[in-house]
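Descriptive structure summary
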Amino acid sequence: MKRIAAIIVAFTLIAASPAAFHWPLPQGVAPPAIPPDNPISDAKIALGRRLFYDADLSVDGTMACATCHEQRRGFADGNVTHAGVHGDPGRRNVPGLANVAWRRSLTWGDPRVTTLEQQVAIPLTGRFPVEMGMAGKEPELRRRLGRDSCYRTMFRAAFPETRGRIDQASVAKALAAFQRTFVSFSAPIDHGDAPAAGAAIFAAKCATCHAGHDFTDDQFHRLRQATSSDRGLGEVTGRIGDDGAFRTPSLRNVSVTGPWLHDGSATTLDQALMAHPNADTADTPALIAFLAALTDNAFLTNPGLSYPDSICRL
Ligand code: HEC
Ligand code: HEC
């Protein structure tokens, strides 16, 4: 009897959450916080994946999220900055997206952007700079996606509660769900395999800011004098004391996310290290060898994160 009851309970649990996502996490890493109104599901992840690679999300159909966020570069790109659809030069360097679900705030300089759902509006409809150019174009977005029967089916599977309503909010939710699967914990360092000399210097000189499992404290620090074109945190708070402060970037996969720093001004890792006050050139080779142990090749080639081989995957 007991066993039957247990089976019934187990069955009810499964039925209540049809596609509970399994987080592939090492011991000691808690799953990321997820907004209660956007539970993760396999259907949402599959939809978000298709959207992430779809240039129909830009006004002239030339630019997808993945145009600037390339998997093989840790979802950064190789440019100093990346111009938007109308040729507006980008303002800041494209950051990598490994373990982005764990960031307390998003972007280099804005602590108010706290969810991936919220962040989507910046590239999609932002005006400073214009990236994908969809400001005021939500009806067009609905029309483009809605005329595709595969998308209609995928939205219904992902959002049964609205019977698959297609709008900017559901697009943002699906993109957020997909990006939460950008999980990178298979670098050599995760297997205890990092060069000892660099690890010791890193622990002594870097880990106060580059802390925790993603090597960031998620706080804002000023390494150099602010420039007039980008006040960083000061732009948001209006406080002169915050000028030139940027969020400590995660260092996961940092060897492949260059160029580096918020403005892409460091074309080598060496230069990125030298931008820090009290940098010591004698430490550089050991530190660069240590940073190489943060490159997760399984993540950079994870087939579940790539351009979908069948775009109509249900
Ligand atoms: C034109 C290039 C470009 C496109 C297209 C683009 N991004 Fe970005 N992305 C950037 C840049 C540049 C930043 C940093 C902006 C800043 O800090 O002000 C960024 C930041 C982010 C962040 C924050 C990462 C972090 O660690 O804080 C996320 C998440 C993100 N983008 C996701 C997306 C998604 C989803 C799309 C598609 C809807 C997209 N991006 C389209 C260039 C782009
Ligand atoms: C006071 C906090 C702090 C300390 C200590 C610190 N960093 Fe940083 N680091 C930052 C911030 C903030 C940035 C981003 C600065 C910018 O873009 O202007 C950064 C950027 C970087 C970058 C570029 C990453 C990217 O994606 O562009 C690397 C690499 C780096 N740090 C490595 C190190 C190493 C190695 C050490 C130790 C020698 C170190 N940092 C010490 C705060 C710190």
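Since the model is a prediction, treat every value here as computed from it, not as a measurement.

To continue, consider the nonpolar core. One finds L47, L51, F52, L57, L145 and F155 to be the most contacted residues of the largest nonpolar core, which totals 50 residues. Where this core is concerned, the elements lending two or more residues are helix 2 (42-52), helix 3 (65-68), helix 6 (138-146), helix 7 (149-158), helix 8 (168-179) and helix 13 (297-300). Among the elements that line this core, the one with the most residues is helix 8, at 7 residues. F155 has contacts with L47, L51, L145, G164, R165, I166, S170 and V171, leaving out every residue within four places of it along the chain. Grouped together as the second largest cluster of nonpolar side chains are 17 residues, A275, L287, F290 and L294 included.

This part takes up the coordination of the iron atom of ligand 1. Note on metal sites: the ideal angle is 109.5 degrees for four tetrahedral donors, and 90 or 180 degrees for six octahedral donors. Among all protein atoms, only H69 (NE2) binds the iron atom of ligand 1, sitting 2.1 Å from it. Within the secondary structure layout, H69 lies in the loop between helix 3 and helix 4 (116-119).

Here we take up the layout of surface pockets. Empty space within the second largest pocket amounts to approximately 310 Å³. Every residue lining the second largest pocket is counted, 17 residues in all, and those nearest its centre are F21, T181, N302, G304 and L305. At the level of secondary structure, the elements contributing two or more residues to the lining of the second largest pocket comprise helix 2 and helix 13.

The assigned domain composition of the protein is domain 1 (28-183 + 300-305) and domain 2 (188-296). A separation of 25 Å is found between the C-alpha centroids of domain 1 and domain 2. Listed by partner, the interface residues are 28 residues for domain 1 and 29 residues for domain 2. Approximately 2,300 Å² of surface area, both sides summed, lies buried where domain 1 meets domain 2, with 50% of it carried by carbon and sulfur atoms. At the junction of domain 1 and domain 2, the tally comes to 5 salt bridges. Where domain 1 touches domain 2, the interface holds 12 residue pairs in polar contact (both at pLDDT 80 or more). A per-class count over the side of domain 1 that touches domain 2 returns 9 nonpolar, 10 polar and 9 charged.

Okay, the site of ligand 1 next. Around ligand 1, a shell composed of 23 residues is seen, among which C65, C68, H69, T107 and W108 lie nearest. Within the side chain of H69, one N or O atom sits 2.9 Å away from a nitrogen atom of ligand 1. At 3.2 Å, a side-chain N or O of Q119 approaches a nitrogen atom of ligand 1. At the level of elements, helix 3, helix 4 and helix 8 are the ones that each hand at least two residues to the shell around ligand 1. Of the residues assigned to the shell around ligand 1, the class counts are 14 nonpolar, 6 polar and 3 charged.

Across the interface, helix 2 lies against helix 7 with an axial gap of 8 Å and an inter-helix angle of 140 degrees. Viewed along their axes, helix 2 and helix 7 adopt a mutual orientation that is oblique. With respect to the hand of their crossing, helix 2 and helix 7 are arranged in left-handed fashion. Residues A43, K44, A46, L47, R50 and L51 of helix 2 pack against C150, Y151, M154, F155, A157 and A158 of helix 7. Residue classes in the contact of helix 2 with helix 7 are distributed as 10 nonpolar, no polar and 2 charged.

Now for the coordination of the iron atom of ligand 2. Distances from the iron atom of ligand 2 to its protein donors, H210 (NE2) and H276 (NE2), fall at 2.0 to 2.1 Å. Geometry at the iron atom of ligand 2 is octahedral, judged from the 6 donor atoms that bind it and their angles of 87 to 180 degrees at the metal. Of this pair, H210 sits in the loop between helix 9 (196-205) and strand 1 (220-222) while H276 is found in the loop between helix 11 (269-274) and helix 12 (284-292), placing the two residues 66 residues apart along the sequence. Owing to a relative accessible area of 11%, H210 belongs among the buried residues under this scheme.

So, how was this worked out
Residues numbered from 1 in each chain as written. Chains lettered and ligands numbered in written order. Predicted model: local features only at pLDDT ≥ 70, side-chain atom pairs only at ≥ 80, totals over all residues. Heavy atoms only, no water. Core = buried A, V, L, I, M, F, W, Y, C linked by side-chain atoms within 4.5 Å. Buried < 20%, exposed > 50% of the residue type's maximum accessible area, 1.4 Å probe, protein only. Helix = DSSP H or I, 4+ residues; strand = E, 2+ residues; numbered from the N terminus. Contact = heavy atoms within 4.5 Å. Donors = N, O, S within 2.8 Å, 3.2 Å for Na, K, Ca; no water. 1 Å grid on protein atoms, 1.4 Å probe; cavity = no way out; pocket = protein on both sides within 12 Å on 5 of 7 lines; lining within 4 Å. Points joined across faces, edges and corners; volume = space filled by probe spheres on them. Domains from an automatic or database assignment. Buried area = accessible area lost by both parts, 1.4 Å probe. Salt bridge = Lys/Arg side-chain N within 4 Å of Asp/Glu carboxyl O. Polar contact = N/O pair within 3.5 Å; in protein donor to acceptor, adjacent residues only side chain to side chain. Nonpolar A, V, L, I, M, F, W, Y, C, P; charged D, E, K, R; others polar. Near = heavy atom within 4 Å. Axes fitted to C-alpha atoms, helices over the stretch in contact; angles between N-to-C directions. Parallel < 35°, antiparallel > 145°, perpendicular 65-115°, else oblique. Left-handed = near helix turned anticlockwise from the far one by under 90°. Tetrahedral: all angles 85-135°; square planar, octahedral: opposite > 155°, others 65-115°.

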